[in-house]
Structure formats: structure tokens, C-alpha cells
Amino acid sequence: MTWIATDYASLLWWLDMTGTYVFGLSGGMLAVRRQLDLFGVIVLATAAATAGGVIRDMAIGDQPAAMLRDPSYLLVTLLAGLTAFFFHRLIECASKPVMLLDALGLGTFTVAGTQKALIFGLHPAAACVIGVLTAVGGGVIRDLLVTEIPRVLREEIYAVAAIIGAGLVILGDHLGWSPLLTTSIALLATFFIRVLSVRLNLRIPRAP
Amino acid sequence: MTWIATDYASLLWWLDMTGTYVFGLSGGMLAVRRQLDLFGVIVLATAAATAGGVIRDMAIGDQPAAMLRDPSYLLVTLLAGLTAFFFHRLIECASKPVMLLDALGLGTFTVAGTQKALIFGLHPAAACVIGVLTAVGGGVIRDLLVTEIPRVLREEIYAVAAIIGAGLVILGDHLGWSPLLTTSIALLATFFIRVLSVRLNLRIPRAP
Amino acid sequence: MTWIATDYASLLWWLDMTGTYVFGLSGGMLAVRRQLDLFGVIVLATAAATAGGVIRDMAIGDQPAAMLRDPSYLLVTLLAGLTAFFFHRLIECASKPVMLLDALGLGTFTVAGTQKALIFGLHPAAACVIGVLTAVGGGVIRDLLVTEIPRVLREEIYAVAAIIGAGLVILGDHLGWSPLLTTSIALLATFFIRVLSVRLNLRIPRAP
């Protein structure tokens, strides 16, 4: 475990890469299930892992998009795609760890997206929207590419966990908490709300 | 009626908010009909009301997108989503007023989008494309999110009304009309062409 | 044949317009097949021909997007849409020339997109992604608008030809080849790989 980050910036980077890998895996697995070829698997992995961040960067005006500046993103999504392609049977069996990793990715992308929006001077409501968009945007594009209604619109508490996480980042920023504290609280809240909602099968009300 | 705008800029702002609310309503209603939960209703309301403007701002390079700078947009879409969620039965019964409001939204978004494109120095053909994209882009994203072929591609004269409205804005700009005159003529033309096409059931020809 | 380009920049421009026309044709033909009206035909032609370039320009930050600055793009897509609308029967019969033109469009868009990404200072992996996105992005949006799974995800070697073409542009740039030589090699490679894959019915492996 010598790679464990020793400072805050590199902790964020590792969290971002974890989210990228896990979301890439979700895209690759969907492509395998829809019987796409190797190229399709890599495309869906890349879309799922990076589209949320690219849309965020295009909307706030940070260009070229972060994923085009740091080659690590593309390397990690390629790895995720190849993992899904060659080990999809193994991964199917490990649905619980995958769900946990996905909840972790949801948390890291929410926190990273919201913090970036605040740095770019957006007001709280817009920062919250951008944070949630960063976290769920990749999954939306992934599902649209195979013409499915995005899972985030069909699922139990998924985006709601991201909204709460984004809200905590904004609260921490407002109250002047240290970045490390804000990140930890928001990340853990998003993670546990998502995991609990799956375990307890919580749902949001529908129109009466 | 004391809130009625007394100057041109605030008239434009009120028109923009009206369009945002009405398009938000259309997104929320579609979500209710597709039995999405409260979160899905708010997402579809937001997408329908803001996606056209966000795509416009990303394409012309006005970033952060307008909807991220003025919190009113998000507040209005939230209200539209909640209205659709709680009063969808009432709204279903009022299909004619909703159609009229939708035609008004089409007009305001077309005019606002075309004028912004001209201010950014685009040539007339590009300004027309951007104006129409502003007006119909939200509806396209709304329909794609629930995997329907966008209504603007299936409908009677909808985008055509927007094209004529955008053309009138460009004509007025070219002939040096006052902004208020240009706005009024283009807005009313878009509105009445749309409404008449629905009443008279006009259609565009298909390939022979 | 007096319009034949006499220098490199205008050769690139003619190649770009050829790609725009051919991709516009593909969008218009799909719209006719799906029985859309004249407006839908022009929209799908425009989306297929320009969306790849617009997404590229939004991601790398070249705004307003190229297609909004040079009116030729919109004129050419309009022509392509009208051609598809009035001559779709004729074009259906000429499926082989259309396939050859489509492969040419794939080559020109790949080369133009990759070179632009390199000029904007992107690293090689990102330039490759942007080149492929420029070439296949329009087709993806075209197919999503009529809720079909994008052909690039279902097809034989299509994007792979673009990846190889983009790789050759990056290699030529790295080795200091003249732009004309790099363009020719990458364009011909993309074209012939695509054409051969169709003739020989080559496929990429699926997950075991």
C-alpha cells in the first residue's frame, strides 16, 4: 500500500482515478451485456467514466477538458474497458463489491465536481447541479448510447445521494471547514446514503 | 400586475423566465407520464428548460453558461417540476392553455437565442441555427432522456415557426429596427405560426 | 475541374466540405427512411455532418465552433439534406458509391480533427480520441435522434479505421513529416481499411 497518497491534492487525484475506473467498468459491463465488440466496450467504458466531467468542463468553461489534459484518465478507462471485456464473468459474480465501488465513484465525482464548480465562482445552486451532473452524466450518456432510459432516472436513491453530498461540500465551503474535512464528510455521506438505500431498498415517491 | 417590466432588458428577462417555466412544465409532465419519481420529474423539467440554452452557450463560448450564473433559472425549473409533480391532473385538463404557453416559450427562446448569437458576432445562418437550437434543444434532450424520438422531429410546424422567428430577428437587426420592435414582431410571428399550425393541423411535406 | 485546390489549406477545406456533404447525405437518408418531414431531413443532415466537429470544438475550447464561423458548412449540409429529400431513390441504388464517399468522409474528418487537436496542444492519446470523435460523433448524434443504437457501435471496422488514421497523423507529427504527406497517408489508410473491412466483412472480436 505504498501508493497511498500523502497529501490532499494527490488524495483527490487517486479518488478521481478510482471513480474513473469504477465508472469505466460499469460502461464496459453494459457493453458486454449488449454484445458489443471490443471497440464498443472501450467506447462505453470511456463514455461512462469521462462524459460527466467533460460536460461539466464545457458548461463552466474549463477547456480543453481535464480528461484531455491528463493522459491518466484515458489510460484508466482503457484498463477498465479491457477488464470488463476479459473478466466480465468474474465481475458479474462480484456484484456486491462492484456496487460498493460504484457508490465510492459516485461520492468522489460528486465532491470533485462540486469543488471545481465553487472554484470557478458558481453560486451554490449551480455548483450543486454541476456536482451532480459530474457524478451522473457519464452514466446517462452510457445508457443513452445503447438506447436505455438512464438508470439514474429509474433507480432508487442514486442522484439524491449525490445532491446531499454536493450540499455538504457547499455547506463546508460556506462554513470554512478545511478541504480535507469537507471532502471526507461529503464523500462518506454520499457513499453511505447510496449503500444504505440499496440495502434497505429505499425509494423516492412518485406522482400521486 | 405590478411586476410587469418597465424597461426592455427586464422584459426580456421575464420572457426568458416564462419560457423556462413553461418548458420545465413540459419536461415534468413527460416524466410524470413515464412514471418517474420526484427526482426524475425535476431532472426532466431542468433538462427541458435549460439544455437548449446550455448547448447554445457551449457552442458560442459564453461560459459559465447563463443558467449557471443567474440562480433564477434553477429556481424556476424547480418550481415547474414541483408544479408538474403535484398538479399533473389539473394540467392535463388544461391542454389548450399549456399549448399556448408552450408556443410563447418557443417564441421567447427563439428570439433570445438569435439575439445572443448576433451579439456574439455570428453570421446570419449560424445565428438562425443557434436561435432554433436554443428553442428546441431542451425538448430534444427531454425526449432523448426517456428514449423517445424528439417531438420536434415528429411534430407539425414547430421548428419551422422558430426558423421564421429567428429570420425576423436577423432581418430586424439588418434593417436597424429598434430591439423592442424586432423582439415583438419575431415573438408574435413565432407564436401565431405555431398556434395556427396546431389549429389548422398544418404539415410539412415528406419525401415523395 | 478548375475548382481543384492548388494549395494545402484549400485542399483541407475541400476535403472537409466533401466529408460534410457525404455525412449530411447519410443523415438525410436515415431521416427519409424513418419518414421524417423535410425539416427532419435537414436537421438529421445537419446533425450528422456537424455534430462531431461541434463537440470537438466545445471540448477543446475553440469557440464559436468552426461550423458557426464559416457559412459553407451550413450551405453544404442544406444541399445534402435537399439531395437526400428529392433523390433518395437514386441514392439507394448507388449504395456502393455512397459507401466509398462515406469512407472518404471518415478519413477527412479523422485527419482534420486529429490535426486540430494537436494544434491545440493536446497530448497524443487525447488527440486520437478527439480525431475519432470528430469522425464518428455526427453519426452517433444522428442515430440517437431517431433512437437507434449508434451504427459505430454495431458496425464492422469503422471507428477502428479512424483510430488507425488518427494514429498515423500523430506519428507523422512526431516524426516531422510534411503536413501534405501526413494527411495523404492517414487519409488513404483510413479510407482503404474501411473499404476493405466492408468488402472482406471483417469483424472485431466480442467478449468470450
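Check the entry above for the structure.
Residues numbered from 1 in each chain as written. Chains lettered and ligands numbered in written order. Predicted model: local features only at pLDDT ≥ 70, side-chain atom pairs only at ≥ 80, totals over all residues. Heavy atoms only, no water.

**Q** Before we go on, may I ask you to explain the relation of the copies chain A and chain C in this structure?
**A** What relates the two chain copies is a rotation about an axis together with a slide along it. Mapping chain A onto chain C calls for a rotation angle of 120° and an axial translation of 0.0 Å; the resulting RMSD is 0.0 Å. The superposition of one copy onto the other is thereby described by a three-fold rotation axis. The overlap is low: 15% of the interface residues of chain A also sit at the interface in chain C, so different surfaces are used on the two sides. (Least-squares fit on C-alpha atoms with pLDDT ≥ 70 in both. Contact = heavy atoms within 4.5 Å.)

**Q** What's the story with the interface of chain B and chain A in this structure? I'm lost.
**A** With 27 residues of chain B at the interface, the matching set in chain A holds 29 residues. Looking at the side of chain B facing chain A, the largest losses of area belong to Asp37, Phe39 and Leu68 of chain B, adding up to 29% of the total buried there. Where chain B touches chain A, the interface holds 0 salt bridges. Connecting chain B to chain A are 3 residue pairs in polar contact (both at pLDDT 80 or more). Every element with two or more residues in the side of chain B that touches chain A is listed here: α2 (38–60), α3 (66–69), α4 (72–93) and α6 (124–145) of chain B. Here the side of chain B that touches chain A is built from residues that sort into 17 nonpolar, 5 polar and 5 charged. (Buried area = accessible area lost by both parts, 1.4 Å probe. Salt bridge = Lys/Arg side-chain N within 4 Å of Asp/Glu carboxyl O. Polar contact = N/O pair within 3.5 Å; in protein donor to acceptor, adjacent residues only side chain to side chain. Helix = DSSP H or I, 4+ residues; strand = E, 2+ residues; numbered from the N terminus. Nonpolar A, V, L, I, M, F, W, Y, C, P; charged D, E, K, R; others polar.)

**Q** Can you walk me through the pattern of salt bridges in this structure?
**A** Oppositely charged side chains may form a pair once their charged atoms are brought near each other. If you walk through the whole model with that rule in mind, you get 24 salt bridges over all chains. As a salt-bridge pair, Arg33 of chain C and Glu92 of chain C come within 3.8 Å of each other at their nearest N and O atoms. Taken together, the positions of Arg33 of chain C in helix α1 (residues 8–33) and Glu92 of chain C in helix α4 (residues 72–93) put the pair 59 residues apart, joining distant regions of the chain. Where salt bridges share partners, they join Arg56, Asp57, Asp62, Arg69 and Lys116 of chain A into one cluster.

**Q** Explain the relation of the copies chain B and chain A to me, please; I cannot follow it from the model alone.
**A** Overlay of chain B on chain A (RMSD 0.0 Å): rotation 120°, translation along the axis 0.0 Å. The residues that chain B uses at the interface reappear at the interface of chain A in only 15% of cases, marking distinct surfaces.

**Q** Would you mind going over the nonpolar core with me for this structure?
**A** The tendency in soluble globular proteins is for nonpolar side chains to be buried as a group. Counting residues in each nonpolar core, the largest one holds 182 residues, and the members touching the most others are Leu68 of chain A, Leu68 of chain B together with Leu68 of chain C. Look past the residues within four positions of Leu68 of chain C in its chain and what remains in contact with it is Ala59, Ile60, Leu122, His123, Ala126 and Ile130 of chain B. (Core = buried A, V, L, I, M, F, W, Y, C linked by side-chain atoms within 4.5 Å. Buried < 20%, exposed > 50% of the residue type's maximum accessible area, 1.4 Å probe, protein only.)

**Q** It is not clear to me how the side chain of Thr50 of chain A should be interpreted in this structure. Could you clarify?
**A** As for its position among the elements, Thr50 of chain A is in helix α2 (residues 38–60). The contact partners of Thr50 of chain A, leaving out residues within four places of it in the chain, are Met67 and Thr77 of chain A.

**Q** So what exactly am I meant to see when it comes to unusual backbone geometry here?
**A** Generally, phi is negative for residues other than glycine and the peptide bonds are trans, each holding for most cases. Omega for the bond connecting Gln63 of chain A with Pro64 of chain A falls within 30 degrees of zero, at -10°, which places this linkage in the cis form. Positionally, Pro64 of chain A belongs in the loop between α2 and α3 (66–69). Located in the positive-phi region is Gln35 of chain A, a residue other than glycine, with phi close to 60°. Here Gln35 of chain A is to be found in the loop between α1 (8–33) and α2. Judged by relative accessible area, which is 57%, Gln35 of chain A ranks as exposed. At Asn201 of chain C, a residue that is not glycine, the phi angle is positive and equals roughly 55°.

**Q** What's the story with the interface of chain A and chain C in this structure? I'm lost.
**A** Many descriptions give the size of an interface as the accessible area lost when the pieces come together. If you look at the interface, chain A gives 27 residues, while chain C gives 29 residues. When the area that chain A buries against chain C is broken down by residue, the three leading residues are Asp37, Phe39 and Leu68 of chain A, summing to 29%. Between the two partners, chain A and chain C, sit 0 salt bridges. Viewed at the interface, chain C and chain A are joined by 3 residue pairs in polar contact (both at pLDDT 80 or more). No other element matches the 6 residues that α2 of chain A contributes to the side of chain A that touches chain C. Residue classes in the side of chain A that touches chain C are distributed as 17 nonpolar, 5 polar and 5 charged.

**Q** Sorry, what's going on with helix α6 (residues 124–145) of chain A here?
**A** Since one α-helical turn is 3.6 residues long, residues separated by three or four positions face the same way. Residues and elements named next belong to chain A. Its 22 residues give α6 an end-to-end C-alpha distance of 31 Å, which sits within 8% of 32 Å, the value for a rise of 1.5 Å per residue. The largest bend in α6 amounts to roughly 45° and is located at Val136. In terms of residue burial, α6 counts as a mostly covered element, since 17 of its 22 residues are buried. (Expected span 1.5 Å × (residues − 1). Bend = angle between axes of the 7 residues up to and from the residue.)

**Q** What exactly am I supposed to notice about the packing of aromatic side chains here?
**A** Counted by the stated rule, this structure contains 12 aromatic pairs over all chains. Aromatic side chains Phe85 of chain B and Phe86 of chain B sit 5.1 Å apart centroid to centroid with 85° between the ring planes, which places their arrangement in the edge-to-face category. (Phe/Tyr/Trp six-rings, centres within 6.5 Å; stacked < 30°, edge-to-face > 60°.)

**Q** Can you walk me through the packing of α1 of chain C against helix α9 (residues 179–200) of chain C in this structure?
**A** A pair of packed helices is characterised by two quantities: the angle between their axes and the separation of those axes. All names here are of chain C. The contact between α1 and α9 brings their axes to 11 Å, and the two run at 25°. Of the possible angle classes, the one that applies to α1 and α9 is roughly parallel. Here α1 and α9 pass one another in a crossing that is left-handed. Judged by residue contacts, Tyr8, Leu11, Leu12 and Leu15 of α1 engage Pro179, Leu180, Thr183 and Leu187 from α9. Considered class by class, the residues forming the contact of α1 with α9 number 7 nonpolar, 1 polar and no charged. (Axes fitted to C-alpha atoms, helices over the stretch in contact; angles between N-to-C directions. Parallel < 35°, antiparallel > 145°, perpendicular 65-115°, else oblique. Left-handed = near helix turned anticlockwise from the far one by under 90°.)

**Q** Explain the environment of Thr147 of chain C here, please?
**A** Following the sequence through the fold, Thr147 of chain C ends up in the loop between α6 (124–145) and α7 (151–154). Thr147 of chain C gets classed as partly exposed once you look at its relative accessible area, which sits at 25%. Sequence spacing of Thr147 of chain C and Thr20 of chain C is 127 residues, and the spatial spacing of their C-alpha atoms is 22 Å. Excluding residues that lie within four positions of it along the chain, Thr147 of chain C makes contacts with Thr147 of chain A, Thr147, Glu148 and Ile149 of chain B together with Arg34 of chain C.

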